[in-house]
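Residue-level structure breakdown
Single-letter residue listing:
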Amino acid sequence: MKLVAILGGGPAGAFTAERLAAAGLSTVVFDEKLAWEKPCGGGLTYKAYHTYPFLLENSTPKKLVTETILSAPHAKAATLCLAEPLLIYSRKDLNRMMLERAERAGARIEKARVLDLERTASGWRLRTSGGTLDADFVVIATGARNSLREFGTQLTANDSMSAMGYYVAGDQPQIDIQFLPRLEGYIWVFPRCGHLSIGICGKGEPAASLRKRLENYMAQRGISWKGAAFYSHLLPSLEASAWKKNRVAGDGWLAVGDAAGLVDPITGEGIYYALRSADLAAKALLSELGGIADKLQTYRRLLRRDFAADLEFGSRLAKRVFLGRFLFGSVPARMVQFTRRSSRFRSLMQDLFAGTQPYLGLKERLLRNLNGSLYEIAMSLGFSRVLPGKARP
Ligand SMILES: Cc1cc2nc3c(=O)[nH]c(=O)nc-3n(C[C@H](O)[C@H](O)[C@H](O)COP(=O)(O)OP(=O)(O)OC[C@H]3O[C@@H](n4cnc5c(N)ncnc54)[C@H](O)[C@@H]3O)c2cc1C
């Protein structure tokens, strides 16, 4: 491979470029906007900055938040101290930092929109807003709104969430998470440097109705959105069946990040998976073994083994997490109540927020802890006198 063209300079594209350029491959990144405030909460879990410490160790402005308040209808709010803080960036800052790292590693960065791709005998001819370019291999990193329909995940309405919100002036020490009645999604308030990112994501509900829910919430909290910048975007949220046929690579190309649908279908976390898929893609492309078809097969295998199987399992849980019932109440309400009253459950929630509790294995942990959690809840509700000592788990 003489030249790799990377289409899209978000976290996925920039990190693929950094890895390939650092290994000596000629790499060019095309992004129509370069560093921009991509609609996003900007939250990174412990899993992300533990795997990629440069996310923490840099001079780019960012916030570390150690407290979350969880709320749901029919449940008093619960405060969750995060053993491992959440790291929050403005996306413009994060994207700029990633592009600069790619450039320092030797990648060429070009501000241009890729209009189409044509397969040639030796590779690809790219037509961009700046001209044409021949490349040997292309990496599709164009995000969830990928206009190059023949490449990357084929997102249907069932495989995505609407996500939108406001950037509002203000500050607060904690993150707020609000579950809502009959919504496969949630509202978040993330404090960033100099402003709050307040947003909502939801599956299967029209954007206008989600926006109404968000504005009702903001009105109840006394947060004005007058004059605040509004943002909206698609969030991949693949159904379990879509993971099976997910198109992450093909003849002469592979896709990373949102363009490959690689987002947690429950939390909407995508930045880590953008970086991780970029890392795995570079590993596969740089591997010494076999030809290009083998490298693409290696990429598929690495993705599956590393996190895609877990996210696929998460897709099976998503509806139950947001819309299910447990002990005569909604699952979100029970989650909030359990968080307030059981230290075992709190520690599970801390691990979920840190990104260190896989979905595969979650059910076993819940079942293992259920007795203990219920005991703690009964004690906190003042049932200590009616529970025999032997009932202690
Ligand atoms: C409202 C919202 C909130 C979110 N909050 C979080 C969060 O708090 N934490 C988290 O981990 N994830 C969050 N996500 C998900 C996260 O934003 C994405 O998973 C992440 O940005 C994916 O990175 P990417 O590089 O794959 O795509 P993107 O960041 O979307 O980057 C794609 C890039 O490609 C460029 N591009 C597209 N088409 C072309 C073209 N034809 N030619 C040239 N350039 C092109 C775009 O300009 C863009 O810069 C959120 C998503 C939404 C919508």
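Now for a description of the structure that goes with this document. Computed from a predicted model, the values in this text were never measured in an experiment.

Some details on the packing of aromatic side chains
One pass over the structure, following the stated rule, counts 17 aromatic pairs. Considering the side-chain rings of phenylalanine 15 and tyrosine 52, the 5.2 Å spacing of their centres and the 80 degrees angle between planes classify their relative orientation as edge-to-face. Separated by 37 residues along the polypeptide, phenylalanine 15 in helix H1 (residues 11-22) and tyrosine 52 in the loop between helix H2 (46-51) and strand S4 (63-72) bring together distant segments of the chain. Among the residues examined, phenylalanine 15 registers a relative accessible area of 0% and is labelled buried. Note on tyrosine 52: relative accessible area 3%, which makes it buried. Arranged with centres 5.6 Å apart and planes meeting at 45 degrees, the rings of phenylalanine 15 and phenylalanine 54 form a pair that is tilted. Placement of phenylalanine 15 in helix H1 and of phenylalanine 54 in the loop between H2 and S4 is noted, with a sequence separation of 39 residues between them. Phenylalanine 54 sits in the buried class, given a relative accessible area of 12%.

Side note on the site of the ligand
Taken together, 37 residues sit near the ligand, with Asp31, Lys38, Gly41, Arg91 and Asp258 positioned nearest. Between an oxygen atom of the ligand and a side-chain N or O atom of tryptophan 36, the distance comes to 2.9 Å. Separating a nitrogen atom of the ligand from a backbone N or O atom of glycine 268 is a distance of 3.5 Å. Look at the ligand: alone it shows 1000 Å² of surface, and the protein chains cover 96% of it. No other element matches the 4 residues that strand S15 (residues 229-236) contributes to the shell around the ligand. Residue composition of the shell around the ligand, by class: 18 nonpolar, 12 polar and 7 charged.

Topic: the sheet that holds strand S16 (residues 249-250)
Read from one edge of the open sheet, 6 strands run S6-S2-S1-S10-S17-S16, paired in mixed fashion. On the outer flanks of this sheet lie strand S6 (108-111) and S16, each paired with one strand and no other. As defined by bridge partners, strand S10 (residues 137-140) adjoins strand S17 (residues 253-255) across 3 bridges and the pair is classed as parallel. The residue of S17 that forms the bridge with valine 138 is tryptophan 253.

Rules and cut-offs
- Residues numbered from 1 in each chain as written.
- Predicted model: local features only at pLDDT ≥ 70, side-chain atom pairs only at ≥ 80, totals over all residues.
- Heavy atoms only, no water.
- Phe/Tyr/Trp six-rings, centres within 6.5 Å; stacked < 30°, edge-to-face > 60°.
- Helix = DSSP H or I, 4+ residues; strand = E, 2+ residues; numbered from the N terminus.
- Buried < 20%, exposed > 50% of the residue type's maximum accessible area, 1.4 Å probe, protein only.
- Near = heavy atom within 4 Å.
- Polar contact = N/O pair within 3.5 Å; in protein donor to acceptor, adjacent residues only side chain to side chain.
- Areas by Shrake-Rupley, 256 points an atom, 1.4 Å probe, with all protein chains shown as cover.
- Nonpolar A, V, L, I, M, F, W, Y, C, P; charged D, E, K, R; others polar.
- Pairing = 2+ DSSP bridges.

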